[in-house]
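# Remarks on the overall topology
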Amino acid sequence: MSVQKVAIAIHEGVQALDVAGPVDVLAETNGFVAHGDGYETVLVGASREPLRASNGMKISADLSFDEAKEKFDILLVAGGPALPDAEPDPALTQWLRGAPARAALYGSICTGAFALGHAGLLDGHKVTTHWQNAQRLAACFPAAEVIFDRIYIRDGRLMTSAGVTAGIDLGLALVAERHGPQVAVAVAKRLVVVAQRQGGQSQFSPYLTAPVDEDSPIARAQAHVMQRVGERHTLQSLAEAVGMSVRNFGRAFAQETGITPHEFVERARIDAARRLLEGSDRPLKAVAFDCGFGSADRMRIVFTERLGVSPAQYRSSFRKL
């Protein structure tokens, strides 16, 4: 093996943890591998002048885009809260366009995926980003296949990660791929994080969003479900609750929310159960009954399919003290 050169592109308003997470993983790895088998990381920006991260911290690049002409083993772009809505930075976009020719592996942390998209590097690939911005990423770059629930995705030479601390997961995955899982676990222990997280992003994001029109029949149907989440709900019972025909209700619900009434009911049950698991010590059987799952086994199946973790695992991770 030899030292791998890693470049991380930064920009005004960058998320500091998007930078520090993978940098710390690779720096710690150097202490667990043979001398000369580790990583050398440089930050690359529009200039070497200090810039402000989104938290106000000053960060300086080691090289400017004009200076960073060499080849790298890994090239990543860090995200930032403003990237999804900001106009693309021409200098960053131009530099990233050369990533496939300049690096064996290239990718993004968090919303850095938007910068890759503007550089034309997402098209035809499976990618991910922070759960809050995944829908927008899919809308902005329809030629990409955005996977909403993954912590990170490797698609050929392209690697993208979910939000903020997922950059640590991405870094650990790179270390495991090159040095094996034992080294990755040792680094994770040193950083006091898990080597491989259970489940995907869905366990961190709410399933339900506010209706567009709070006074619409669809919004009333949603409120009806959430107020009686433990009860049985059918297409007919929901249509009757808001005085609509079954056919018109089903069509209107799908048009306004983008999902079926059945899907909404299941999401409402999941969110209600998550609140109880986070904020109470109620037995799993009681939570399942109160939230309309019928049984703890059924709730476990739904949680595993939707969140990638069991209710017990979810409670262990998110229980409020």
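An account of the accompanying structure is given in this report. Everything quoted here is computed from the prediction, not taken from an experiment. (Residues numbered from 1 in each chain as written. Predicted model: local features only at pLDDT ≥ 70, side-chain atom pairs only at ≥ 80, totals over all residues. Heavy atoms only, no water.)

## Description of the overall build of the protein
Spelled out, the test is: Every helix listed is a DSSP run of H or I at least four residues long, and every strand listed is a run of E at least two residues long, numbered separately from the N terminus. Exposure categories follow from relative accessible area, calculated using a 1.4 Å probe and restricted to protein chains: below 20% of the type maximum is buried, above 50% is exposed, and the middle band is partly exposed. Note on contacts: a residue pair qualifies if any of its non-hydrogen atoms lie within 4.5 Å across the two residues. Only four residue types enter the tally: Lys and Arg on the positive side, Asp and Glu on the negative side, with His and both chain ends excluded. Taken as the charge centre is NZ of Lys, CZ of Arg, CG of Asp or CD of Glu, depending on the residue.
From N to C terminus, the protein includes 14 helices and 11 strands. Taken along the three principal axes of its C-alpha coordinates, the protein extends 65 × 40 × 35 Å. Looking at the protein as a whole, 48% of its 321 residues qualify as buried. By sequence separation, contacts in the protein at least 24 residues apart represent 64% of the contacts at least 6 residues apart. Charge centroids of the protein, computed over 34 positive and 35 negative side chains, lie 5 Å from each other.

## Quick word on the nonpolar core
Nonpolar side chains tend toward joint burial in soluble globular proteins. Applicable threshold: For this analysis, a nonpolar core means a set of buried residues of the types Ala, Val, Leu, Ile, Met, Phe, Trp, Tyr and Cys, connected via side-chain atoms within 4.5 Å.
I10, V14, I59 and V175 are the most contacted members of the largest nonpolar core, which has 33 residues in total. Elements that contribute at least two residues to this core include exactly β1 (4–9), α1 (16–29), β2 (39–45), β6 (72–77), α6 (166–179) and α7 (181–191). Per-element tally for this core: the top contributor is α6, with 6 residues. Beyond its immediate stretch of four places on either side in the chain, I10 contacts V19, L43, V44, G45, L51, I59, S60, A61 and F65. Core analysis: the next-biggest nonpolar cluster, separate from the first, contains 30 residues, L96, A103, F114 and A119 among them.

## Some details on helix α14 (residues 311–318)
The test is simple: By arc we mean the arc of the directions from the helix axis to the C-beta atoms, nothing more.
All of the buried residues in α14 are P311, Y314 and R315. Each buried residue of α14 sits inside an arc of 100 degrees when the element is viewed along its axis, so together they form one side. Its buried side turned inward, α14 meets α11 (261–279), α12 (284–290) and α13 (296–307).

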